[in-house]
There are 4 protein chains.
Amino acid sequence: MQHEETIPYLIWDLLITLSATLVALFIPLELVLGVYEHPALVYADGMITLLFFADIFLNFRRPLTIKRRVIRNPRVLARHYLKRWFIIDLLAAIPFSLLFEITPLLLLRLSKLARVMHLMHQWRQSKVHSLAIIRLVSFIFWLGLTAHWLACGWLALRGIPANATRSTSYLGALYWCVTTLTTVGYGDVTPSTPVEMVYTMLVMILGVAVYGYVIGNVANLLTNLDLAKAHYLANMERISTFLNYRHVPLTLQRRVYDYYAYLWENRLGYDESSVLAELPTSLRTEVSLVLKRDFIHKVPFFQGASQDLIRDIALELQPVIFIPRDYVCRAGEIGHQMYFISHGTVEVVSADGETIYATLTDGDFFGEIALLHSQPRTASIRALDYCDLYALNKETFERVLGHYPDFAKHVHEMAQKRRESRQ
Amino acid sequence: MQHEETIPYLIWDLLITLSATLVALFIPLELVLGVYEHPALVYADGMITLLFFADIFLNFRRPLTIKRRVIRNPRVLARHYLKRWFIIDLLAAIPFSLLFEITPLLLLRLSKLARVMHLMHQWRQSKVHSLAIIRLVSFIFWLGLTAHWLACGWLALRGIPANATRSTSYLGALYWCVTTLTTVGYGDVTPSTPVEMVYTMLVMILGVAVYGYVIGNVANLLTNLDLAKAHYLANMERISTFLNYRHVPLTLQRRVYDYYAYLWENRLGYDESSVLAELPTSLRTEVSLVLKRDFIHKVPFFQGASQDLIRDIALELQPVIFIPRDYVCRAGEIGHQMYFISHGTVEVVSADGETIYATLTDGDFFGEIALLHSQPRTASIRALDYCDLYALNKETFERVLGHYPDFAKHVHEMAQKRRESRQ
Amino acid sequence: MQHEETIPYLIWDLLITLSATLVALFIPLELVLGVYEHPALVYADGMITLLFFADIFLNFRRPLTIKRRVIRNPRVLARHYLKRWFIIDLLAAIPFSLLFEITPLLLLRLSKLARVMHLMHQWRQSKVHSLAIIRLVSFIFWLGLTAHWLACGWLALRGIPANATRSTSYLGALYWCVTTLTTVGYGDVTPSTPVEMVYTMLVMILGVAVYGYVIGNVANLLTNLDLAKAHYLANMERISTFLNYRHVPLTLQRRVYDYYAYLWENRLGYDESSVLAELPTSLRTEVSLVLKRDFIHKVPFFQGASQDLIRDIALELQPVIFIPRDYVCRAGEIGHQMYFISHGTVEVVSADGETIYATLTDGDFFGEIALLHSQPRTASIRALDYCDLYALNKETFERVLGHYPDFAKHVHEMAQKRRESRQ
Amino acid sequence: MQHEETIPYLIWDLLITLSATLVALFIPLELVLGVYEHPALVYADGMITLLFFADIFLNFRRPLTIKRRVIRNPRVLARHYLKRWFIIDLLAAIPFSLLFEITPLLLLRLSKLARVMHLMHQWRQSKVHSLAIIRLVSFIFWLGLTAHWLACGWLALRGIPANATRSTSYLGALYWCVTTLTTVGYGDVTPSTPVEMVYTMLVMILGVAVYGYVIGNVANLLTNLDLAKAHYLANMERISTFLNYRHVPLTLQRRVYDYYAYLWENRLGYDESSVLAELPTSLRTEVSLVLKRDFIHKVPFFQGASQDLIRDIALELQPVIFIPRDYVCRAGEIGHQMYFISHGTVEVVSADGETIYATLTDGDFFGEIALLHSQPRTASIRALDYCDLYALNKETFERVLGHYPDFAKHVHEMAQKRRESRQ
């Protein structure tokens with residue numbers, strides 16, 4: 001959604017997130033267990049210093065999107081960056097602990113996590129789908145980091161047992177931490193000094209909050225997961241209660257349910273008209289055109305029509321649904337609408353429903369004769385399966401014909417031919 | 001809802017689900033404890049191989065419903081099946097472990113669970129009622145399997161204690177697993193090696209997720225359980241707050257509540273008109289006819305009427321409710337509606353409400369005289385209990401009479417007779 | 001809500017509930033610990049037998065409400081009872097354990113709990129308020145019974161320790177049960193045999209379900225607790241976001257919030273018109289009359305009016321709200337409405353707002369002159385505090401005057417006098 | 001929201017809350033551990049006695065807001081206070097324990113907590129934002145106090161171990177209490193006597209309730225946190241489902257999403273018109289004026305207009321949105337509206353869209369010529385970016401001109417000049 005979020009920037013952000021995460025994992029370990037003796041980690045630390053400095057230089061020139069406008073002016077970008085993230089990024093980049101040879105200064109590096117938090121927030125903002133899942137993932141990320149820090153804290157309080165390696169003592173601390181946070185509490189590792197007791201209490205209380213958050217999120221997720229289906233089901237239940245209360249026969253009930261199931265499966269219960277109505281004029285025109293142009297073009301009738309006419313017609317077509325065996329119109333009725341078949345099959349039948357003159361399907365149209373002459377329908381039209389039709393009103397049709405006299409003539413000729421071929 | 005879900009197919013699907021479940025239960029046991037020495041299980045394994053092969057052959061020819069159309073074309077069915085499930089079903093059917101004499105190949109059989117998952121998903125999709133309960137049941141199914149696998153994993157890590165039988169060691173492992181998943185955590189069985197610790201942590205974290213899911217579902221279930229009643233109660237509270245705030249006397253308040261309670265108990269607060277309005281024309285006509293035909297036929301007045309007339313009338317009747325002691329109409333007023341009694345009892349009384357001329361009940365009608373002549377009502381009509389009436393508007397009535405001249409004459413005669421009998 | 005729920009029946013039902021509860025508590029204890037040696041309990045058992053038989057006889061004659069009609073016909077009542085509850089009640093009443101001297105037959109008494117369940121369900125149905133709390137209470141009742149039974153089961157499995165009294169062993173079992181159900185799981189009491197392990201697992205799983213239910217209910221309760229306030233706050237947030245986004249000055253914002261706070265505090269945000277619109281005509285008339293009659297009667301203007309006129313006026317008055325310092329109407333404007341002050345104070349001021357002619361308050365009316373002559377307002381009216389007024393439209397006013405010629409004359413004279421006194 | 005909540009009163013209330021909290025913390029400690037030997041605490045007790053008496057005297061005169069009216073009449077205030085809080089405050093203020101030398105009488109002081117509860121309730125009532133967070137904070141406050149009291153109770157039951165100081169025994173008791181309430185239940189501290197068991201069971205059950213409350217609140221908080229965003233996302237999903245189902249091309253889909261994203265980011269999806277429609281007339285006028293005055297004044301056209309005219313215009317302007325590349329109006333069309341640019345940029349282009357005559361931005365207006373003469377638009381107007389315009393209808397425009405003849409003349413001259421400059 002944001003213009004600056006091109007792929008290279010995204011990869012760079014992921015790289016920064018990854019390295020900040022590594023820093024967040026290794027610094028507490030270094031402070032508690034002194035893991036930095038290992039040359040690979042010293043090397044990695046150097047790399048990260050470089051990376052963080054590169055990030056600072058990049059941020060001075062990186063375009064920003066504010067209020068849907070991309071800002072590329074370097075001066076504005078620099079001022080924006082200096083005012084917000086520069087100092088934090090600098091604190092994270094400069095290797096203070098090497099400069100002053102004080103290990104706890106490593107903690108300043110953790111300030112880069114603020115940046116990670118900001119990036120995650122941005123991703124969450126720009127996403128439209130599966131927000132709850134993104135929230136859960138970012139929650140698990142932070143919870144994992146927290147559990148790691150808590151385990152390191154426990155190690156710092158307890159010290160490393162005499163007969164244990166560094167890795168097993170860390171594992172033990174993490175095990176204690178998870179046991180407590182998940183409220184399982186085996187009781188095989190328990191605090192023994194007052195300080196440890198206070199620490200344990202804090203972890204326990206944090207555990208309750210974590211639980212609350214997890215459960216709240218899952219409940220939220222489940223609620224939203226099938227919100228659309230839940231609405232559909234609630235509506236079905238409403239109808240089913242009513243039909244049962246009024247003793248409507250089961251076969252008729254089944255047809256009603258079938259109709260709603262069709263609506264649900266094919267459009268998820270959402271109405272084309274209501275979606276279009278919300279859009280501003282220009283978008284409404286374009287979407288209408290896209291939806292209806294394809295089958296308007298299939299109609300021989302409209303093949304000589306101008307683009308403007310097709311747009312006008314597209315905006316005026318109303319979606320209607322017929323269920324199997326429904327009569328769209330009956331022979332003898334005075335018609336007021338013509339129909340385009342968007343999806344489905346209909347039969348042209350005689351007034352008594354016995355003789356089938358023709359079968360029409362996607363892209364066909366019918367009912368135009370009655371519109372021209374206000375004479376009764378010459379045949380009945382019966383839906384064979386669920387039919388999505390577009391209806392064109394007589395009034396609209398006449399208005400459109402009025403605007404396009406050439407096309408009116410063409411239509412007139414077509415209708416004449418058709419009538420002759422049927423008689 | 002789906003045509004291919006006939007009873008035999010349903011039984012077959014249940015059989016497949018059952019055997020896949022058995023496979024999922026016994027394979028891990030076999031791998032950890034070596035239970036397949038038992039001849040019954042070897043025998044069952046053979047049966048399941050046959051069953052799974054039979055399922056493959058069946059699936060090549062089994063009709064499918066896609067987008068509400070049943071597909072029976074064998075070629076289309078075969079192609080559809082080959083593209084989707086064939087390989088998975090084959091992996092589950094072929095007894096690789098016997099062929100290659102490698103026990104862990106038994107795990108390939110578990111691929112059949114993917115099929116079970118798909119079946120469950122289908123059932124859930126096609127059900128309209130009690131979705132949350134179905135979700136809970138399928139959740140318990142998978143949770144049970146997971147707990148079983150976790151227990152087997154624990155056994156595999158720990159080994160069987162020297163002084164324990166296979167069944168008690170399995171029971172012990174399951175006990176540990178349940179204790180941990182439910183976060184009870186007695187602490188009488190705790191991990192002792194680093195690998196066990198990691199395993200335990202994973203189980204604990206799974207336990208939190210399980211909790212979240214259970215609680216989220218239960219909360220969801222409870223919310224939806226009485227959603228309809230909750231809406232009713234919220235409305236009652238709204239009204240009660242208003243009436244109390246405005247100091248409406250308690251007796252009048254009680255009558256208002258009584259009215260809403262009647263609506264709730266008899267129609268669950270759902271309005272006939274709104275349900276009908278949502279339906280497409282043909283269904284609306286049929287439902288209207290079913291609802292109103294019965295008592296229209298009871299009316300002597302309509303007994304000579306054509307089916308078309310009754311359909312037209314049925315579509316036009318508006319449901320109205322009167323509460324006990326309400327006047328439906330008063331003597332002397334100019335009437336604009338006739339009424340059919342759908343349910344309830346009314347009294348025909350004199351203008352002063354003293355003399356009772358008649359009592360009318362289900363299937364009776366009244367008020368037709370004023371409609372014909374625009375003269376004042378000759379008597380008052382008072383509801384004796386809660387009355388569900390259908391009202392027929394003068395305008396509609398006249399339009400209907402206009403369409404059916406024969407019937408208009410019949411009505412005229414009837415009204416004349418009635419007036420004479422009352423004078 | 002139900003006619004048969006008179007106080008004596010309610011007390012009887014409570015008595016039955018209480019004794020069934022006692023039975024449910026003592027029977028498992030008797031079976032596990034043999035408490036019936038105590039003469040008081042044997043005595044109580046006799047009493048309960050009598051009570052349960054009395055309940056059977058009572059139920060044959062107790063009136064029922066079905067579909068809002070009270071049934072008192074003894075034959076119908078007896079048939080209804082015989083078909084539904086008679087056998088269950090009989091099983092609970094007959095002291096089988098004494099007759100056959102088999103203690104476990106005592107369990108048959110527990111069938112009376114089905115009746116308790118039914119009574120609780122009925123109470124829940126008939127209550128309109130605090131449904132969630134009633135559900136929680138009944139849940140705690142059943143959970144308490146379940147915990148008791150689970151503790152008795154644990155005792156039965158474990159037996160009474162050698163050095164413990166019956167009461168301390170029961171307490172220990174209950175303690176274990178609560179520890180496990182609440183998932184605390186200290187681990188100071190743990191299962192030692194396979195049967196106990198299976199029993200423990202069942203209790204743990206029940207604990208998870210209990211948790212889910214408690215939390216789901218609490219979440220539900222909290223959600224519904226302030227649903228009305230939540231809607232109010234959501235609306236306020238919507239407005240506040242808009243006003244802030246558009247930089248509306250804080251003093252004006254505060255006035256807008258104040259207006260909504262007034263609406264909220266005085267009517268809970270519910271609109272009089274919408275509540276009235278939902279009611280059937282007769283109730284609407286009566287409620288309107290009650291709401292507006294009091295202050296209509298205060299108006300000297302209406303004191304000679306007939307009851308019919310006041311009813312007509314009451315139905316037509318529209319509630320309107322003015323905020324402090326608002327002008328209800330301004331001198332020189334052509335007025336189209338007269339106003340009745342339902343609640344609040346207004347000032348009659350000169351066109352320039354300087355001179356205050358009069359102060360009007362609850363029960364006063366103004367604006368009637370302009371209605372009669374279509375001449376400009378002779379003075380401005382300014383609200384002093386939040387004012388609930390009822391407005392009467394010129395058109396309505398004229399229609400009412402048309403129906404009541406005598407009253408029209410009276411109004412005319414009044415208006416004339418007033419105009420003179422002001423000039 | 002309440003007039004008496006001025007800063008000094010707020011500070012006083014905080015002081016009272018703080019001292020009542022201290023009292024609630026130290027009194028149980030004194031009763032269990034006898035901490036009052038320490039002179040600082042005795043001194044603090046004296047101070048609190050004074051403070052509580054001062055609070056009583058203050059409350060006699062402190063103004064109250066009841067139903068949005070401030071009450072300052074000392075007699076009414078005194079009566080109100082005597083009837084409600086006087087006795088409770090007196091019980092808390094009088095140092096009974098010193099008077100009668102009975103330490104448990106200290107507990108009477110805790111009655112002041114009722115006052116704290118009332119204050120918290122008031123704060124919660126008067127707050128509009130972040131209600132759930134306030135509820136959580138007050139919940140944590142009460143939970144903290146409860147945990148403290150439970151720990152003191154546990155200490156009282158257990159007594160102080162021989163080898164422990166008072167502070168470590170209190171810490172141990174609190175540790176036990178937190179372990180149990182959070183359902184972690186290590187099992188390193190367990191009850192040993194029956195009384196302790198009962199106490200433990202109560203704490204465990206309280207723990208479940210606490211959990212339910214925490215989780216219910218968190219779930220509630222999460223649900224409400226992004227309710228607005230959830231609605232937005234649900235709508236987006238609805239639209240996205242529809243567009244995908246109908247195979248609308250991705251580029252057009254992206255434009256539709258972009259439009260909604262713009263709406264969301266700039267107005268949070270709330271419509272100006274709907275917010276204004278809810279307000280009473282006077283507020284609607286003022287807010288309209290504030291929103292539209294600024295840019296109306298920028299328009300040279302309106303600079304000579306009277307305040308009344310600008311108010312009338314402001315009320316009639318309708319907000320409309322155009323998306324980038326939309327045509328607001330096209331050359332040759334008969335125009336019916338003039339537009340004010342509230343935010344955005346438009347181009348005045350030739351009929352073929354090639355030549356750009358001018359670029360208009362915030363505060364500019366266009367389209368007034370067509371309104372005056374009903375002649376076709378002389379140029380097309382195309383949106384360059386998302387444009388918030390206000391449209392003024394021809395009908396409204398003419399009505400406004402009719403009311404202000406002087407201004408009508410001025411407008412006429414302006415339009416004439418402009419047309420000349422363009423030709």
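Up top you'll find the structure we're talking about.
Note that the structure is a prediction, hence the values are computed from the model and not measured.

1. A short note on the relation of the copies chain D and chain A
Two copies of a chain can be linked by a rotation about an axis combined with a shift along that same axis.
Inference 1: You can overlay chain D on chain A at an RMSD of 0.1 Å; the transform is a turn of 90° with a shift of 0.0 Å along its axis. In the structure described here, the two chain copies are related by an operation that fits a four-fold rotation axis.
Inference 2: Counting the interface residues of chain D, we find that no more than 13% of their copies in chain A are interface residues as well, pointing to two distinct contact surfaces.

2. Thoughts on the packing of helix 1 (residues 7-33) of chain B against helix 2 (residues 39-61) of chain B
Residues and elements named next belong to chain B.
Inference 1: Where helix 1 meets helix 2, the closest approach of the two axes is 11 Å, and the angle between their N-to-C directions is 140°. On the basis of their axis angle, the class for helix 1 and helix 2 is oblique. Crossing hand, helix 1 versus helix 2: left-handed. Together, Y9, W12, L15, I16, S19, A20, V23 and F26 of helix 1 and L41, I48, L51, F52, A54, D55 and L58 of helix 2 make up the contact between the two elements.
Inference 2: Class assignment of the residues belonging to the contact of helix 1 with helix 2 gives a composition of 13 nonpolar, 1 polar and 1 charged.

3. Things to note about the interface of chain D and chain A
Inference 1: Facing 52 residues of chain D, the contacting portion of chain A comprises 54 residues.
Inference 2: Of the roughly 4,700 Å² buried between chain D and chain A on both sides combined, carbon and sulfur atoms contribute 65%.
Inference 3: Between A:E286 and D:R255 there is a salt bridge, with the nearest N and O atoms lying 2.8 Å from each other.
Inference 4: At the junction of chain D with chain A, the criterion picks out 3 residue pairs in polar contact (both at pLDDT 80 or more).
Inference 5: Broken down by element, the residue count for the side of chain D that touches chain A peaks at 12 residues, all from helix 10 (residues 227-245) of chain D.
Inference 6: Class assignment for the residues of the side of chain D that touches chain A results in 29 nonpolar, 12 polar and 11 charged.

4. Some details on the sheet that holds strand 9 (residues 380-383) of chain A
All names here are of chain A.
Inference 1: Strand order in the open sheet made by the 4 strands is 4-9-6-7, with antiparallel pairing throughout. Both edges of this open sheet fall to strand 4 (327-329) and strand 7 (356-360), since each of them pairs with a single strand only. Along the sheet, successive strands turn relative to each other by an average axial angle of 30°, direction set aside.
Inference 2: Sheet topology note: the strand 6 (residues 346-349)/strand 7 ladder contains 4 bridges and is antiparallel. The partner of V349 across the bridge, within strand 7, is I356.

5. Some words on the pairing of strand 6 of chain A
All names here are of chain A.
Inference 1: Alternating positions in strand 6 separate into two faces, V346 and V348 on one and E347 and V349 on the other, with burial throughout.
Inference 2: Here strand 6 hands over to strand 7 after 6 residues, with G353 in that stretch at a positive phi of 75°.
Inference 3: Bridge count between strand 6 and strand 9: 4 bridges; the pairing is antiparallel. Paired with V346 across the bridge in strand 9 is A383.

6. Focus on helix 1 (residues 7-33) of chain C
For an α-helix, the turn length of 3.6 residues means that residues three or four places apart are oriented alike.
Inference 1: The terminal C-alpha atoms of helix 1 of chain C lie 39 Å apart, and with 27 residues this matches the ideal 39 Å at 1.5 Å per residue to within 8%.
Inference 2: Residue C:G34 follows helix 1 of chain C closely and has a positive phi angle near 65°.

7. Description of the side chain of D:T17
Residues and elements named next belong to chain D.
Inference 1: Of note, T17 is situated in helix 1 (residues 7-33).
Inference 2: Residue classification places T17 among the buried residues on the basis of a relative accessible area of 10%.
Inference 3: Those residues within four positions of T17 in sequence are excluded, and the remaining contacts are V116, L119 and W123.

8. Remarks on the pattern of salt bridges
Inference 1: Taken as a whole, this structure holds 39 salt bridges over all chains when the rule is applied.
Inference 2: Put simply, A:D89 and A:R115 hold a salt bridge, and the shortest N to O gap is 2.7 Å. Here A:R115 lies in helix 6 (residues 112-126) and A:D89 lies in helix 4 (residues 86-93), a separation of 26 residues in the sequence.
Inference 3: As a salt-bridge pair, C:D45 and C:R109 come within 2.6 Å of each other at their nearest N and O atoms.

Basis of the calculations
- Numbering of residues starts from 1 in each chain and follows the order in which that chain's sequence is written.
- Chains and ligands are labelled by the order in which they are written, letters from A for the one and numbers from 1 for the other.
- At least 70 in pLDDT is required for a residue's local features to be given in this predicted model, at least 80 for side-chain atom pairs to be given and counted, and no such filter applies to totals for whole chains, interfaces and linings, which use all residues.
- To obtain the side-chain values, all non-hydrogen atoms of the structure were used and water was disregarded.
- The copies were overlaid by least squares, fitting only the C-alpha atoms of residues that reach a pLDDT of 70 or more in each copy.
- Any two residues whose heavy atoms approach within 4.5 Å are treated as being in contact.
- Orientation is described by lines fitted to C-alpha atoms, with helices fitted over the stretch in contact, and by angles between N-to-C directions that extend from 0 to 180 degrees.
- Secondary structure elements are defined from DSSP: runs of H or I of at least 4 residues count as helices, runs of E of at least 2 residues count as strands, and each element is numbered from the N terminus.
- Angles below 35 degrees are treated as roughly parallel, those above 145 as roughly antiparallel, those between 65 and 115 as roughly perpendicular, and all remaining angles as oblique.
- Here a crossing is taken to be left-handed if its near helix is turned anticlockwise relative to the far helix by less than a right angle, and right-handed if that turn runs clockwise.
- Under the scheme applied, nonpolar residues are Ala, Val, Leu, Ile, Met, Phe, Trp, Tyr, Cys and Pro; charged residues are Asp, Glu, Lys and Arg; polar residues are all the others, including Gly.
- A 1.4 Å probe defines the accessible area here, and the buried area is the portion of it lost by two parts on being joined, summed over both.
- Salt bridge, as used here, is a side-chain nitrogen of Lys or Arg placed within 4 Å of a carboxyl oxygen of Asp or Glu.
- Definition of a polar contact: a pair of N or O atoms within 3.5 Å, with one able to donate and the other able to accept a hydrogen when the atoms are protein atoms, and with sequence-neighbouring residues admitted only if both atoms are side-chain atoms.
- Pairing between strands is defined by DSSP: at least two bridges between the two strands are required.
- Only protein chains enter the accessibility calculation, which uses a 1.4 Å probe; a residue whose area is less than 20% of its type maximum is buried, one above 50% is exposed, and one in between is partly exposed.
- Expected helix span is computed as 1.5 Å times (number of residues minus one).

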